[in-house]
Amino acid sequence: QQQVKQSPQSLIVQKGGISIINCAYENTAFDYFPWYQQFPGKGPALLIAIRPDVSEKKEGRFTISFNKSAKQFSLHIMDSQPGDSATYFCAASVFRGARQLTFGSGTQLTVLP
Amino acid sequence: GAVVSQHPSRVICKSGTSVKIECRSLDFQATTMFWYRQFPKQSLMLMATSNEGSKATYEQGVEKDKFLINHASLTLSTLTVTSAHPEDSSFYICSARVAGGSPQHFGDGTRLSIL
């Protein structure tokens, strides 16, 4: 199975709050898990990515938590800001080779001022 | 760095015409380029993967005679939608990467509207 399941479909958070988006995968061959941010009318931009050799990776306000045994990973956005309002996609691929991405269904995040 | 430019950003044309979309890697040589299609409020669906100088590999259900992909150089790939019809209207996005550990870098997409 190539599917990557993402939840929630939409999320509303107050400014300063924590936004949490979850993803689950089925293909145990996946070993590269990036998160992308997409604004309307734009292409996705890479936010942060993780590989299974670590359980957590942090870059600024963005943190990926990874649970290999559960085949789940999540994005935490700390101190969420109105400028973070966008659609977020998790993805998964095999690190070697062409690295074709399988995307989750996306989460529309709205951060209220 | 790692800028991918896509042109045009928007195109409106009549049913039956062919439309060409260009994808360029501006500051790196892309060994692999990808073409995606995205419907409103939906995820990106991979259409095809192309390596420079080789034929593109299409995903299941994507008509290769309908969506012609050319990857003639390490910095340019083109997608031609042949004999476009209203159902081909969508947001088309390309991405590019180099071999090894680099991630995919995405263009800003092309909004195609077929009347």
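Our subject in this report is the structure included herewith. (Residues numbered from 1 in each chain as written. Chains lettered and ligands numbered in written order. Predicted model: local features only at pLDDT ≥ 70, side-chain atom pairs only at ≥ 80, totals over all residues. Heavy atoms only, no water.)

**A few points about the pattern of salt bridges**
- All told, the structure shown has 6 salt bridges over all chains when counted by the stated rule.
- In this structure, B:D108 and A:K42 form a salt bridge, with 3.7 Å as the shortest nitrogen-oxygen distance. Here A:K42 lies in the loop between strand 4 (33-38) and strand 5 (45-50) and B:D108 lies in the loop between strand 10 (105-106) and strand 11 (110-114), a pairing that spans two chains.
- Linking B:K66 and B:D88 is a salt bridge whose minimum nitrogen-to-oxygen distance equals 2.7 Å. In this pair, B:K66 sits in the loop between strand 6 (57-58) and strand 7 (67-73) while B:D88 sits in the loop between strand 8 (76-81) and strand 9 (90-97), placing the two residues 22 residues apart along the sequence. (Salt bridge = Lys/Arg side-chain N within 4 Å of Asp/Glu carboxyl O. Helix = DSSP H or I, 4+ residues; strand = E, 2+ residues; numbered from the N terminus.)

**Here we look at the sheet that holds strand 1 (residues 4-7) of chain B**
Residues and elements named next belong to chain B.
- Pairing is antiparallel in the open sheet, where 4 strands are placed in the order 1-3-8-7. The sheet is open, and its two edges are formed by strand 1 and strand 7, each paired on a single side. Across the sheet, the axes of successive neighbouring strands diverge by a mean angle of 15°, strand direction being ignored.
- Pairing analysis gives 6 bridges linking strand 3 (residues 19-25) to strand 8, with the strands arranged antiparallel. Bridging across to strand 8, E22 finds its partner in T78. (Pairing = 2+ DSSP bridges. Axes fitted to C-alpha atoms, helices over the stretch in contact; angles between N-to-C directions.)

**Brief notes about the interface of chain A and chain B**
- If you look at the interface, chain A gives 18 residues, while chain B gives 20 residues.
- Between chain A and chain B, roughly 1,400 Å² of surface is buried when both sides are summed, and carbon and sulfur atoms account for 52% of that area.
- If you sort the residues of chain A by the area they bury against chain B, A:R99, A:Q100 and A:F103 come out on top, with a joint share of 30%.
- Where chain A meets chain B, there are 1 salt bridge.
- The interface formed by chain A and chain B includes 5 residue pairs in polar contact (both at pLDDT 80 or more).
- Classifying every residue of the side of chain A that touches chain B gives 9 nonpolar, 7 polar and 2 charged. (Contact = heavy atoms within 4.5 Å. Buried area = accessible area lost by both parts, 1.4 Å probe. Polar contact = N/O pair within 3.5 Å; in protein donor to acceptor, adjacent residues only side chain to side chain. Nonpolar A, V, L, I, M, F, W, Y, C, P; charged D, E, K, R; others polar.)

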